[in-house]
Amino acid sequence: MDAPRRVTAVLGPTNTGKTHHAIERMLAHRTGVIGLPLRLLAREVYDRIVARVGPSVVALVTGEERIVPDRTQYWVCTTEAMPLDIGADFVAVDEIQLCADPERGHVFTDRLLRARGLNETLFLGSDTMRGAIAGLVPHVTFLKRERMSTLRYAGSKKISRMPARSAIVGFSVENVYAIAELIRRQKGGCAVVMGALSPRTRNAQVAMYQNGDVDYLVATDAIGMGLNLDIKHAAFAATSKFDGRRMRPLYPQELAQIAGRAGRHTEDGTFGVTGEARPFDEDLVEAIETHRFAPVRKLHWRNESLDFGSAERLIRSLEEPTSNEWLTRARDADDLLALKALAALPEVQDRLTEPKRVRLLWDVCRIPDFRSSSGAEHTTLLARIFEFLVGRGIGGGRIPSDWLAKAIQRIDKTEGDIETLSRRLAHIRTWTYVTQRKNWVEDETHWREETRAVEDRLSDALHAALTQRFVDRRTSVLLRRLKQKEILVAEVNDKGEVTVEGEYAGRLEGFRFRQDASATADAARTLAQAAIQALKPEFHLRADRFYNAPDTELDFTEQGGLMWGTTAVGKLVKGAEPLKPAVEAFVDEEAGPEVAEKVRRRLQHFIDRKVAAQFEPLLAMSRDEGLTGLARGFAFRLTEAMGVLPRDQVAAEVKELDQEARASLRKHGVRFGQFTIFLPALLKPAPTRLRLVLWSLWNGLQEFPESPPPGLVTIPNVAEVPKSHYTLAGYHPAGSRAIRIDMLERLADILRQKDSRAGFEATPDMLSITGMTLEQFADLMAGLGYKGERGERPKVKAAETPKEPEISEEAAAAIAAGVPIPEEVSILAPEPAPEPEAAPEMEVFYTFTWAPKPRHQRPERSERGPRPERREGDRPRGDRPKGDRPQGDRPKHHAKGDRPQAKGGKPPREDRQKSFEARPPRNEKPIDPDNPFAALLALKGKV
């Protein structure tokens, strides 16, 4: 009789084929039951058995899933859901070492003591259970299995250096997500496996890893329980976990269980640490590598003989101690804590009138808290369910369908982030568990299908969210293709977008490949390698098209960039001369030197022609061999300044130029203005824009000044902007505005005709030239050295046109009737009464006089001696511009003794008392060549 009911303990480390052996033994019997520690593992074993014998004879029973065909022969269950009273020929319990687990150990201990097959019983687990099994199970046979491959310690590795086909293990959801995000950035992506995932989500994530879509797996300790995965290296990101009560370090055998997932069948594996986890010491490493651990001394146990006479008796029976030396009473589990909380509620106590209701209460308390909610919230839900189930009879009630429908409807939403979807999955798992209980809901089949459908939808949505967040699809596809030694296919569309194997890789901008910035470091090299192979012929085609493109398709920016349409293809750099810039082409090295040289030559041709066209008058003047002497030197200065020179910088050179030299320069368009020497043709927008770029290049500026918008006569004068920038842009700063150079010279021509000492007012021509209001013009004149005195006066109105006399109404009526006008009738209408005179309208005017600022600070009177008495007619001194001698409105000179009386009523010089003083002879100033009366002044003293 003992042989048919033999009990065997198959013990050994991971990767010894224990689970496979149990499946083979079960299928050798007519009926069988196998209990597994995780519903994820149960689903995996169920799929394997279904693939062998078909789904019609295989049942899957877990807390949230129940598939039981009518002709069931083989039961695949979680350990808690194992049926013990069906009389199966074969019974197996996997991971039996969990008898020592503080949270679930009492369940596995109960199966070790009571679960038996009619013909054969197998207990699968670690060799640390040998002594406990021998002490508790009589007539047991031990079968030791050795690991199929070698497990070695690899030390500490950074995640960025983690080898492919690695599993990184964390012990909290937050830790797992943080590691997964880091791997996505550095390695392209990973799969995520946690015990809280639904089987559907977990299977989809595992399939993604097994298929090679990703090379990394981030998981909790759920992978330590028998999941068969292709893992070569297991890395611990932490070595402590929360066991439901407190944070504690993992036991050596727990570390070995997880590390043992590395290596499959005969392939060797490695394990180590990463992140902030401390390296293992030598003793721990040796224990894991040799699979030698301290034997289990105590198994957690809870009394299985329960007393349902009352809630108090049930609690006492659950807390009953044991005297067995191998057993220790398990700590209060969640179901016992829920029972104590519910039994203390008055509304629950009132309903516990029969043992059946006490048993029903115990069944309700065993609903797992999938939501990990607060104890009070979970207790409230259990109390409501118990109230529904008690109903009016003894356990004959049901959960109302409309109430259940509303609860499920609130959960059935697939939008949201990972945390939201995970929370909804936890909620639906509660209702999935409830609908699996017999006689708890109406139409059990409907609600089981409904909750399963909702869980499937949420599972798919969670898988999609996990994949979107933690997997770079593009990188994973490329890495899989490379691993399979396939040639990557790359394409370039009309918009310059580059795709590799259909995945966007970047953009071809001109002759440079801009790789997609979102690519990970590992994928970046793969993308670049594949893209460049496709771009090599494209580079040559583009170079030919660019070389033959007309100049109208090319342009330069105000910061020195060279554009082909809207694409940057190069930049200007400093050349040998200001008007001979060089170019630097933007071409990738992978395009080759031939493409780079072709692009560079085309850009150099473009900018050379652009300079030649825009600065043609200046270049012609520099090449004119007819210019000699001072004229040639001045032409060089003007060429060096790119056609615009402030007069005050070359005042000495200008004075040295004779009329012949000036005439030769004027032939080339040079204008000697009062403020600036310039070529008017170079003040146009296009030459100005190019001049600013070339000058900035030559002077090594990091940021180039931009040219003003075309058509503006004046622009703001910003104090931070150097005056030289305004000059190069063709403007002269004066006051709060800067005026265009050519317009300033036109204004200067008008000002020469005014008496700047006696004062003059602004004319409409002045305002029209500048485009300013009177107040703005006054500010401009102040910047030019003029003093403006503001005044007001009555505005002169235009003379009114005399009105025709009006005919009186009586005369008009007689004329209309065609009769003579009676003599007593007045022909003219009476004069209207005069309107009262209104206050005269005032207008503002300015009187401008030449009042330049002194060139230097005058010495104090005590230092320079007594001031000589100023004689009548002495001219005030100042910085009046050359040629600014009043000519037009000034009174003409009269012969000596015939000078008219001066303004203000002063008598002529002859009528005043003569005074005599000693003063040095007045220095003769050189004649200003720009003075329009230069020729007449030269004859002074000769006639």
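Residues numbered from 1 in each chain as written. Predicted model: local features only at pLDDT ≥ 70, side-chain atom pairs only at ≥ 80, totals over all residues. Heavy atoms only, no water.

Moving on to the packing of aromatic side chains. Under the defined criterion, the tally for this structure stands at 17 aromatic pairs. Centre to centre, the rings of Phe760 and Tyr786 are 6.0 Å apart; their planes meet at 80 degrees, and the pair counts as edge-to-face. Taken together, the positions of Phe760 in strand S33 (residues 760-761) and Tyr786 in strand S34 (residues 786-794) put the pair 26 residues apart, joining distant regions of the chain. Across the pair, Tyr786 and Phe760 agree in class, each one buried. Each residue in the set Phe760, Phe777, Tyr786, Tyr846, Phe848 and Trp850 is aromatic and connected to the rest through ring pairs, giving one cluster. (Phe/Tyr/Trp six-rings, centres within 6.5 Å; stacked < 30°, edge-to-face > 60°. Helix = DSSP H or I, 4+ residues; strand = E, 2+ residues; numbered from the N terminus. Buried < 20%, exposed > 50% of the residue type's maximum accessible area, 1.4 Å probe, protein only.)

All told, the structure shown has one cavity of 30 Å³ or more when counted by the stated rule. Space inside the largest cavity adds up to approximately 30 Å³. Contributions of two or more residues to the lining of the largest cavity are made by strand S25 (567-577) and helix H24 (685-698). The element that contributes the greatest number of residues to the lining of the largest cavity is S25, accounting for four residues. For the lining of the largest cavity, the class distribution of residues is six nonpolar, one polar and two charged. (1 Å grid on protein atoms, 1.4 Å probe; cavity = no way out; pocket = protein on both sides within 12 Å on 5 of 7 lines; lining within 4 Å. Points joined across faces, edges and corners; volume = space filled by probe spheres on them. Nonpolar A, V, L, I, M, F, W, Y, C, P; charged D, E, K, R; others polar.)

What follows concerns the sheet that holds strand S16 (residues 269-273). Read from one edge of the open sheet, six strands run S9-S16-S13-S10-S12-S11, paired in parallel fashion. Each of the sheet's edge strands pairs with one partner strand only, and the pair in question is strand S9 (151-156) and strand S11 (191-193). The average undirected angle you get between the axes of adjacent strands in this sheet is 20 degrees. In the sheet, S11 pairs with strand S12 (residues 216-219) via three bridges, with the strands oriented parallel. Residue pairing for S12: Ala191 is matched across the bridge by Leu217. Sheet strands in contact with helix H6 (residues 199-210) are strand S10 (166-169), S11 and S12, and its direction is about 140 degrees off that of S11. (Pairing = 2+ DSSP bridges. Axes fitted to C-alpha atoms, helices over the stretch in contact; angles between N-to-C directions. Contact = heavy atoms within 4.5 Å.)

Moving on, we get to unusual backbone geometry. Only a minority of non-glycine residues have a phi that is not negative, and only a minority of peptide bonds are not trans. Of note in this structure, His291 is not a glycine but carries a positive phi near 60 degrees. One can find His291 in the loop between helix H8 (282-290) and strand S17 (299-301). Assessed through its relative accessible area of 26%, His291 is described here as partly exposed. In this model, Asn439 sits at a positive phi of 70 degrees, which is unusual for a non-glycine residue. Residue placement: Asn439 occurs in the loop between helix H15 (418-436) and helix H16 (444-470).

Fair warning: the whole summary comes from geometry, so function is off the table for now.
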